[in-house]
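# Breakdown of the fold
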Amino acid sequence: MAAMEEERPHMETKDSVEQETVQQEAETAAAAQAEKAAGAAEAESAEEKKELTAEEKLQKQFDELNDRYMRMAAEYDNFRKRVVKERDMIRSEATGKALSAILPIYDNLERALAQETADTEYKKGVEMTARQFESALESLGVEIITAEPGSAFDPTVHNAVMHIEDEDLEENSIVECFQKGFRHGDKIIRTAMVKVAN
């Protein structure tokens, strides 16, 4: 009986050691699982942060490229406008130079028409040539600046080469036109030469 009693505490000790071991293993396993879960949560959080930073990087890249594109589009638009303006200016200057070279021919035709002649066929031919010349100028967009007697003097399109004192005429009115003026669009190719009353 004494041997049995001695054996029982030894068994109880063995059982309690086994229980403690099992309990420690369970606690260790639970702690390991908790650590693993925490690590997974941290990894997930870090991955989300990485994704956010990747999105931010992409957004930054997009903003930079968009800014570059907008600047390039603005520069191209300015370049296109400048080229159109320069082309129009060059065209206007070239037309002005060409017209300046041929306008003396028109002046001579006008002088020939002003002369008295007995040859009506000759006069008719000169008139036809002058009208054809005017039609050609009109087709090129050239406008004749008229300076009819009695009309108001405009220094932007008229050049007063003579002045007369006459109380019967209005002040700053055109008395006579010596030479017609011409304009192409907004550009004055030649001002009309006139006599003005003071």
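About the cut-offs
- Residues numbered from 1 in each chain as written.
- Predicted model: local features only at pLDDT ≥ 70, side-chain atom pairs only at ≥ 80, totals over all residues.
- Heavy atoms only, no water.
- Helix = DSSP H or I, 4+ residues; strand = E, 2+ residues; numbered from the N terminus.
- Contact = heavy atoms within 4.5 Å.
- Areas by Shrake-Rupley, 256 points an atom, 1.4 Å probe, with all protein chains shown as cover.
- Pairing = 2+ DSSP bridges.
- Axes fitted to C-alpha atoms, helices over the stretch in contact; angles between N-to-C directions.
- Core = buried A, V, L, I, M, F, W, Y, C linked by side-chain atoms within 4.5 Å.
- Buried < 20%, exposed > 50% of the residue type's maximum accessible area, 1.4 Å probe, protein only.
- Expected span 1.5 Å × (residues − 1).
- Arc of directions from axis to C-beta.
- Phe/Tyr/Trp six-rings, centres within 6.5 Å; stacked < 30°, edge-to-face > 60°.

Turning to the overall build of the protein, a few remarks are in order. Along its length, the protein carries 2 helices and 6 strands. When the elements of the protein are put in sequence order from the N terminus, they spell out α-α-β-β-β-β-β-β. For the protein, restricting intrachain contacts to residue pairs at least 6 apart in sequence, the fraction spanning at least 24 positions comes to 60%. Summed over its atoms, the accessible surface of the protein is roughly 15700 Å², and 54% of this surface lies on carbon and sulfur atoms.

Another point: the sheet that holds strand β4 (residues 181-184). Pairing is antiparallel in the open sheet, where 3 strands are placed in the order β1-β4-β5. Only two strands of the sheet have a single partner each, and these edge strands are β1 (142-145) and β5 (187-190). Here the strands of the sheet are splayed against their neighbours by 30° on average, with no regard to which way each runs. Examined bridge by bridge, β1 and β4 share 4 bridges and lie antiparallel to one another. Paired with Glu143 across the bridge in β4 is Arg183.

This part is about the nonpolar core. Ranked by size, the top nonpolar core spans 12 residues in total: Leu99, Leu103, Tyr106, Leu109, Leu113, Val126, Ala130, Phe133, Leu137, Val142, Phe182 and Ile189. Residue assignment for this core shows that the elements contributing at least two residues are α1 (2-114) and α2 (120-139). The greatest single-element share of this core, amounting to 5 residues, is contributed by α1. Those residues in contact with Val142 that sit more than four places away from it in its chain are Leu99, Leu137, Phe182, Arg183 and His184.

This part covers α2. With 20 residues, α2 should reach 28 Å at 1.5 Å per residue; the first-to-last C-alpha distance of 28 Å fits that figure. Taken residue by residue, α2 has Val126, Ala130, Phe133 and Leu137 as its buried positions. Buried residues along α2 cover an arc of 60° about the axis, so they all sit on one side. Away from its buried face by more than 90 degrees, α2 exposes Thr120, Glu121, Met128, Gln132, Glu138 and Ser139.

For the rest of this paragraph, the subject is the packing of aromatic side chains. As enumerated under the stated definition, the model contains 2 aromatic pairs in all. Plain terms: the ring middles of Tyr106 and Phe133 are 5.6 Å apart, the flat faces sit at 35° to each other, and that makes the pair tilted. Linking Tyr106 in helix α1 with Phe133 in helix α2, this pair joins segments that are 27 residues apart in sequence. Assigned by exposure class, Tyr106 and Phe133 land together as buried. Ring geometry for Tyr106 and Phe182: centres 5.5 Å apart, planes at 85°, overall edge-to-face. Placement of the pair is Tyr106 in helix α1 and Phe182 in strand β4, with a sequence separation of 76 residues.

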